[in-house]
Amino acid sequence: MNEKLSQLRKKAMSLPLSPGVYLMKDRHGEIIYIGKAKKLKNRVSQYFGSQNSHAEKVRRMVENVDDFDYIITDSEFECLILECSLIKQHTPKYNILLKDDKGYSYIRVTDEQWRRMSYVLQKADDGARYIGPYKTSYYVKSTVDEAMKIFGLPTCSRRFPEDFGKARPCLNYHIKQCCAPCTGRVKLSDYNERFDAALELVRGDSARTARLLQQQMEKAAERLDFERAARYRDQIAALRRMRDKQKVVDINLEQLDVIAIAIEGSRGSAHVLRFSDSRLVDTENFIIEDIDDEVEFRSEFLLRYYTMRRDVPQHIDLDGQVDDPQTLERWLTETRGKRAYLTIPQRGVRKELVDMCRQNAFEALGQLRGVTGRELSVLEELRDLLGLSSIPSYIESYDISNLSGSDNVAGMVVYENARPLKAAYRKFKIKSFVGQDDFGSMNEVITRRLEEYRKSREEGVETGFGRLPDLILLDGGRGQVGAVLPVIREFGLKIPVFGMVKDDHHRTRAIVSADGEIALRPNRRVFTFVTGIQDEVHRYAISFNRQQRKRVLSSSLENIDGIGKKRSKELLRYFRTIGNIRKASVDQLAAAPGMTRPAAYQVYRYYHPESVAKGED
């Protein structure tokens, strides 16, 4: 421990065992981190003890700490309020800080003969009419988009009537999402009727819009204007489909926020779904760097978010635990001015909403790496199932294949970000022994693979064998795992190793470690993922084994006079097996592609020397 840490620890050990807030400062006196503690002495002294137990972010912060101050409070609740206030005031470098880039939203209606509608974030002095402001941009944008589709309004950049007839209608017309005024065949009165209905929808109640359309449809039918009545009917149906989509997230609560997080490495994603009057009205996502702990991240995000937003709903659903939920719930209640509830749903519609929110959090992380949220979340599920310290982004899987101990080979398949990386697949011929020994074969394969890793690193190569996997999955049970773990330890590496075992019907049943089995439930996505890996590595290994057998059989045919590589391949392709070739007559052999009668006779003679000696054909 250096001298500075020793001094800071000595100062920390003199702190009282009382609740309070501490402020870490750098050598310039600038506050770089603010935290709270139930017992100041215990919490602050932990920072200046052994650095080995700290996460990377904490180690970097401690390296920059030159001094610290503290403020004692009467209760943990006062701690929380003071911490929020100080963080908002000082915006310390190492606290989670959310950038509030949300503004008000408007509906813009152009002042022209053929009016246009769009969603904008700012008003401009352009003569257009602006409806708003609205607090939530998500709801305004999605409603405007749906209204344009339902009533067939154009979204292109063409100008009317200047561009009438200048070009053919676009795809939206053919999929019945635009009435195509660009053709010049749409009356202005009909267009305005559509536009007014769309404007009514985005400004008001969809149920009222549906009633007006129903009345107009009935009037058109009474006038025997069946074409117009059919158009109203289609608009009503589209409006109902839009409302049906909203029912997917329908809940019997006036106000609800759903918050879920996703973490990959040191990067976190926090997603928020906001509901009002049982409708999804807004959605937000935040990407945060330098995340160390899931519970701490969720707790701090909750504090920062509602310090920034202030409009706290009655119910907040979370995807996991937070630090000191009672104190946090009390702070939310006081911020709201009414009772607020923190809940972790376990079943029902609200649990489905949390899962959907979590999927969106993973989707945001996945977009940064070019993968889908579903792929990222299944890797997180696998991490949790196996008790790994991080998401296994790079997985290698191995399988041994032989035929009664002959043609002993192995296949290695690689999955990166939950997708097969076929360029990294490798094949191995077992060299150290002859015969069937799956444990010995697996030991040899992993030894050779890690030897290649060592060579690659010495040459400065970090791809292919120069990259270590985050996880190794073996097609086999505890015996295969036991054969591989000593090799990994011998190389001084720490790579998680698990086996994949099948049931009597050759379906993936469980994952095994050196300590026991981990059951896979068929209703979990990780079950499908692991099954896919096991099927793929088995396919790859067995196809290599078949290739080897064909080469051996082909080379044995090449020992016959007049039979080269080309004819041996054609014979195997035509007869499929050596047994069929052996049973074939000279006439049948001569009928094979590329064969002549003298060559057929040589093959027959090779397999039937006794018959040839007796003069039999």
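The coordinates are above.
Not measured: the values here are computed from a predicted model. Along each chain, residue indices are assigned from 1 in the same order as the chain's sequence is written. Reporting in this predicted model follows two pLDDT cut-offs: at least 70 for local features of residues, and 80 or more for side-chain atom pairs to be given and counted; totals over whole chains, interfaces and linings ignore these cut-offs and use all residues. The side-chain numbers reported here are obtained from all heavy atoms of the structure, hydrogens and water having been left aside.

1. A closer look at the packing of aromatic side chains
Then step 1. Ring pairs shown here join Phe, Tyr and Trp side chains whose ring centres sit within 6.5 Å, with only the six-membered ring taken for Trp; geometry is labelled stacked below 30 degrees between planes, edge-to-face above 60, and tilted in between. Under the counting rule described, the total for this entry stands at 18 aromatic pairs.
Then step 2. Considering the side-chain rings of F301 and Y305, the 5.6 Å spacing of their centres and the 25° angle between planes classify their relative orientation as stacked. You can see F301 and its partner Y305 sitting in helix α10 (residues 294-309), 4 residues apart, about one turn around the helix.
Then step 3. Both rings, one in Y425 and one in Y540, keep their centres 5.0 Å apart while their planes meet at 70°; by these two values the pair is edge-to-face. Of this pair, Y425 sits in the loop between β14 (419-420) and β15 (426-429) while Y540 sits in helix α16 (residues 525-557); the two residues are 115 residues apart in sequence, bridging distant segments of the chain.
Then step 4. What links up through ring pairs into an aromatic cluster is the set Y22, Y33, Y47, F48 and F68. Working definition: helices are DSSP H or I runs of at least four residues, strands are E runs of at least two. Numbering for both runs from the N terminus.

2. Side note on the sheet that holds strand β1 (residues 20-25)
Strand pairing in a sheet is mediated by backbone hydrogen bonds. Such pairs are either parallel or antiparallel.
Then step 1. DSSP-based pairing: two strands are paired if at least 2 bridges between them are found. With antiparallel pairing, 3 strands are arranged side by side in an open sheet as β2-β1-β3. Of all strands in the sheet, those with a lone pairing partner are β2 (31-37) and β3 (67-72), marking the two edges. For this sheet the average axis-to-axis angle between neighbouring strands, irrespective of direction, equals 20°.
Then step 2. Sheet analysis places β1 next to β3, joined by 6 bridges and oriented antiparallel. Bridging from a neighbouring strand, L23 pairs with D69 of β3. Angles shown run from 0 to 180 degrees and are taken between the N-to-C directions of axes, each axis being a line fitted to C-alpha atoms and, for helices, limited to the stretch in contact.

3. Re the nonpolar core
Then step 1. By convention a nonpolar core is built from buried Ala, Val, Leu, Ile, Met, Phe, Trp, Tyr and Cys residues, the set being connected through side-chain atoms within 4.5 Å. Burial here depends on accessible area, computed with a 1.4 Å probe over protein chains only, as a share of the maximum for the residue type. Under 20% is buried, over 50% is exposed, and the range in between is partly exposed. I107, M117 and F151 are the most contacted members of the largest nonpolar core, which totals 30 residues.
Then step 2. At the level of secondary structure, the elements contributing two or more residues to this core comprise β4 (105-109), α5 (137-150), α7 (188-203), α8 (206-222) and α9 (226-247).
Then step 3. Broken down by element, this core gets its largest block of residues, 7 residues, from α7.

4. Concerning the pattern of salt bridges
Then step 1. Here, a salt bridge means any side-chain nitrogen of Lys or Arg that lies within 4 Å of a carboxyl oxygen of Asp or Glu. Tallying each qualifying case throughout the model produces 33 salt bridges.
Then step 2. Ionic pairing is found between R298 and D319, a salt bridge with its closest N-O pair at 2.8 Å. Here R298, found in helix α10, pairs with D319, found in the loop between β10 (315-318) and α11 (325-336); they are 21 residues apart in sequence, far enough to count as distant.
Then step 3. On the basis of relative accessibility, which here comes to 1%, the residue R298 falls in the buried class.
Then step 4. By relative accessible area, which is 17% here, D319 ends up buried.
Then step 5. Connected through shared salt-bridge partners, E294, R298, D319, R358, E380, R383 and D384 make up one network.

5. Overview of the pairing of strand β18 (residues 508-512)
Then step 1. The element β18 is extensively covered by neighbouring structure, given that 4 of its 5 residues are classed as buried.
Then step 2. Hairpin connection from strand β17 (residues 497-502) to β18: 5 residues lie between these consecutive antiparallel strands, with H506 at a positive phi of about 60°.
Then step 3. Of the pairings in the sheet, the one linking β18 to strand β19 (residues 517-519) comprises 3 bridges and is antiparallel in character. Among the inter-strand pairings, A510 is bridged to a residue of β19, identified as A519.
Then step 4. Linking β18 back to β19 in an antiparallel pair, the connection comprises 4 residues, with G516 at a positive phi of about 160°.

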